[in-house]
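Close look at the chain arrangement
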Amino acid sequence: MANQTDRAVSSRVERKALQKAKIMQRENEKEIIRLVRRILKKPEAERSEEDTSVLVLHKDTVEELCKRKIRRIELQRKQEELFDTADDLKSKVWHLAAAVKQAKHLVVYTGAGISTAASIPDYRGPNGVWTQLQKGRAVSSSDLSKAEPTLTHMCIKMLNKEMLVKHVVSQNCDGLHLRSGLPRHALSELHGNMFIEVCTCCSPVREYVRLFDVTERTSLHRHSTGRRCCHCGSELRDTIVHFGERGTLEQPLNWKGAAEAAKMADVILCLGSSLKVLKKYACLWCMNKPASKRPKLYIINLQWTPKDDLAVLKINAKCDDVMSLLMEELHLQIPVYDRAEDPIFNLAAPLRPDDEDSHTRAVIARHAGSPKESSFGEPGGAAEATAVQGGWFGRGYGKGRKKKKTA
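All of these numbers come straight from a predicted model, not from anything done at the bench.

1. Observations regarding unusual backbone geometry
Here Ser 203 and Pro 204 are connected by a cis peptide whose omega angle stands at 0°. Summarising the element assignment, Pro 204 is placed in the loop between β4 (196-199) and β5 (206-209). The step from Gln 251 to Pro 252 runs through a cis peptide bond, and the omega angle for that step is 5°. With phi around 65°, Met 163 is a residue other than glycine that occupies positive phi space. Inspection of the secondary structure assignment puts Met 163 in the loop between α6 (151-161) and β2 (167-170). Its relative accessible area of 55% is what places Met 163 among the exposed residues. Of note, His 221 is a non-glycine position whose phi angle comes to about 60°, a positive value. Residue position: His 221 is located in the loop between β5 and β6 (224-228).

2. Comments concerning the packing of α6 against helix α9 (residues 319-329)
The geometry of a pair of packed helices is captured by two quantities: the angle between their axes and the separation between those axes. As a packed pair, α6 and α9 sit with axes 8 Å apart at the nearest point and diverge in direction by 35°. Crossing angle aside, the handedness with which α6 passes α9 is left-handed. For the pair formed by α6 and α9, the contact residues are Leu 151, Thr 152, Cys 155, Met 158 and Leu 159 on the first element and Cys 319, Asp 320, Met 323, Ser 324 and Met 327 on the second. Of the residues in the contact of α6 with α9, the class split is 7 nonpolar, 2 polar and 1 charged.

3. Focus: the confidence of the model for the chain
Of the residues in the chain, 82% have a pLDDT of 70 or more, and the chain-wide mean is 85. Every residue in residues 370-386 is under pLDDT 50, and counting partners more than four places away or in other chains gives 21 contacts.

4. A short note on the sheet that holds strand β9 (residues 296-300)
Spatially, 6 strands are ordered β3-β2-β1-β8-β9-β10 in an open sheet, and the strand pairing comes out parallel. The open sheet has two edge strands, β3 (187-189) and β10 (313-315), and neither has a second partner. Pairwise comparison of adjacent strand axes, ignoring direction, gives a mean angle of 15° for this sheet. Sheet analysis places strand β8 (residues 267-271) next to β9, joined by 5 bridges and oriented parallel. The residue of β9 that forms the bridge with Val 267 is Lys 296. The strands touched by helix α8 (residues 255-264) within the sheet are β1 (106-110), β2 and β3, with β2 carrying the most contacts at an inclination of about 120°.

5. Overview of the pattern of salt bridges
Under the definition given, this model contains 15 salt bridges. Across the salt bridge formed by Glu 207 and Arg 184, the nearest N and O atoms sit 3.1 Å from each other. Remark: Arg 184 occurs in the loop between α7 (176-180) and β3 and Glu 207 occurs in strand β5; sequence separation between them is 23 residues. The closest approach of N and O atoms between Lys 314 and Asp 308, which form a salt bridge, is 3.1 Å. Each member of the pair, Lys 314 together with Asp 308, is buried.

6. Regarding the side chain of Ser 358
Its location among the elements puts Ser 358 in the loop between α10 (344-347) and α11 (381-384). Given the relative accessible area of 8%, Ser 358 is considered buried. A distance of 3.0 Å separates a polar atom in the side chain of Ser 358 from a polar atom in the side chain of Arg 227. Reaching out from Ser 358, the side chain makes a polar contact with the backbone oxygen of Asp 355 at a distance of 2.6 Å. For Ser 358, the contacting residues outside a window of four places in its chain are Arg 217 and Arg 227.

7. Considering the packing of helix α4 (residues 86-102) against α9
Two numbers describe how α4 lies on α9: the axes approach to 9 Å, and their chain directions differ by 60°. By the angle between their axes, α4 is oblique relative to α9. Between α4 and α9 lies a crossing whose hand is right-handed. Within the contact between the two elements, α4 uses Leu 89, Val 93, Trp 94, Leu 96, Ala 97, Val 100 and Lys 101 and α9 uses Val 322, Leu 325, Leu 326 and Glu 329. Tallied by class, residues from the contact of α4 with α9 come to 9 nonpolar, no polar and 2 charged.

8. Notes on the packing of aromatic side chains
Here the distance between the centres and the angle between the planes together describe a pair of aromatic rings. If you walk through the whole model with that rule in mind, you get 2 aromatic pairs. Between Tyr 109 and Trp 285 the ring centres are 5.4 Å apart and the planes differ by 85°, which places this aromatic pair in the edge-to-face class. With Tyr 109 in strand β1 and Trp 285 in the loop between β8 and β9, this residue pair connects regions lying 176 residues apart in the sequence. On the basis of relative accessible area, Tyr 109 is assigned to the buried category, the value being 0%.

9. Some words on the nonpolar core
Within the largest apolar cluster, 32 residues are counted, with the highest numbers of intra-cluster contacts made by Leu 96, Leu 269, Leu 271, Ile 300, Ile 315, Val 322 and Leu 326. Those elements that provide at least two residues to this core are α4, β1, α6, β8, β9, β10 and α9. A total of 6 residues in this core trace back to one element, the largest contributor, which is α4.

10. What about the sheet that holds β6?
With antiparallel pairing, 4 strands are arranged side by side in an open sheet as β5-β4-β7-β6. Where the open sheet ends on each side, the last strands, each with one partner, are β5 and β6. The average angle at which neighbouring strand axes cross in this sheet is 35°, direction not considered. By the bridge criterion, 2 bridges tie β4 to strand β7 (residues 235-238) in an arrangement that is antiparallel. Each residue of the ladder has a partner; that of Val 198, found in β7, is Arg 237.

Criteria and cut-off values
Residues numbered from 1 in each chain as written. Predicted model: local features only at pLDDT ≥ 70, side-chain atom pairs only at ≥ 80, totals over all residues. Heavy atoms only, no water. Helix = DSSP H or I, 4+ residues; strand = E, 2+ residues; numbered from the N terminus. Buried < 20%, exposed > 50% of the residue type's maximum accessible area, 1.4 Å probe, protein only. Axes fitted to C-alpha atoms, helices over the stretch in contact; angles between N-to-C directions. Left-handed = near helix turned anticlockwise from the far one by under 90°. Contact = heavy atoms within 4.5 Å. Nonpolar A, V, L, I, M, F, W, Y, C, P; charged D, E, K, R; others polar. pLDDT = per-residue confidence, 0-100. Pairing = 2+ DSSP bridges. Salt bridge = Lys/Arg side-chain N within 4 Å of Asp/Glu carboxyl O. Polar contact = N/O pair within 3.5 Å; in protein donor to acceptor, adjacent residues only side chain to side chain. Parallel < 35°, antiparallel > 145°, perpendicular 65-115°, else oblique. Phe/Tyr/Trp six-rings, centres within 6.5 Å; stacked < 30°, edge-to-face > 60°. Core = buried A, V, L, I, M, F, W, Y, C linked by side-chain atoms within 4.5 Å.

Rendered as structure tokens:
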């Protein structure tokens with residue numbers, strides 16, 4: 001018995017000694033990195049013989065720090081926004097217009113960049129939510145329900161009406177494509193729609209379009225909106241696909257329509273998307289086809305994207321600017337968004353009496369309210385508003401926030 005006790009004590013002492021040795025080793029490595037980093041910051045002419053010997057002794061650390069610096073510079077380069085000159089832009093849009101005219105099956109992929117003109121922040125841009133939070137800056141935003149379709153949304157709708165665009169695949173949850181008047185059958189909202197909640201207990205799945213953001217109480221793996229189906233009484237859920245989730249709903253995601261459109265596409269136009277998420281969806285890029293038979297790729301984005309090297313043409317400009325010039329080249333008029341004619345009012349389902357107080361988000365009115373109510377995106381409006389909490393945008397907001405160390 002005494003021997004077993006001694007062995008247990010000895011084993012515990014050895015574990016603690018091993019843990020202490022590992023901690024000391026880590027601290028030693030950190031100290032070496034700090035020392036080498038200080039020396040590397042000095043100009044070579046100012047380094048002493050002792051500094052040089054330290055760099056030679058810790059050659060592996062020097063190489064690792066140099067690699068980190070290269071990666072950091074490369075990341076900064078990819079985050080920079082580049083703008084084409086006026087002449088380059090005009091020339092590129094001319095080539096894009098020719099491609100649109102000649103395309104037999106043009107598919108458009110859209111990202112957050114087409115909604116920034118509606119004062120909905122993106123995540124990865126220089127002024128994006130995650131970028132600002134990582135810099136330690138505060139981010140505030142008004143109610144996203146007050147946003148309206150942008151010029152780009154209305155251009156896409158017209159191109160679809162003229163049979164030049166066959167299908168639109170969107171990563172946005174803001175519902176602005178739907179509100180622009182783009183037909184549902186021509187739209188795939190891969191990450192859901194903030195105005196739509198569904199009953200998955202009904203067969204087929206029953207859809208409810210609302211005039212407010214239904215995602216107020218929802219988050220990752222928690223999709224119940226707190227309201228119930230007026231037919232079967234089951235809980236309703238939102239349609240949002242958060243980071244780390246796999247979308248299984250048929251609508252509004254419409255993966256079938258997106259995959260079929262990509263399969264038939266001869267031209268793909270990417271608008272305002274970093275493509276960092278979209279690139280992971282292999283079925284959208286026809287990678288199983290020989291390179292010569294894949295769709296021709298055109299990209300409009302201010303920042304680097306992982307598909308730039310595969311693009312026939314990359315235009316570095318704002319989406320609204322490019323689409324405005326494109327419509328001129330195509331001799332098409334850009335329709336003006338009319339809130340009174342917004343399709344969402346015809347699609348919206350009324351709430352049950354029990355659900356009247358089930359949300360606190362603003363309700364879209366058919367006619368714009370007072371200047372104070374419709375100040376979304378105007379100077380001072382967003383800064384004075386509190387940041388959106390909860391829901392699809394709030395979840396993305398929280399994802400980029402750095403956790404503060406507690407004392």
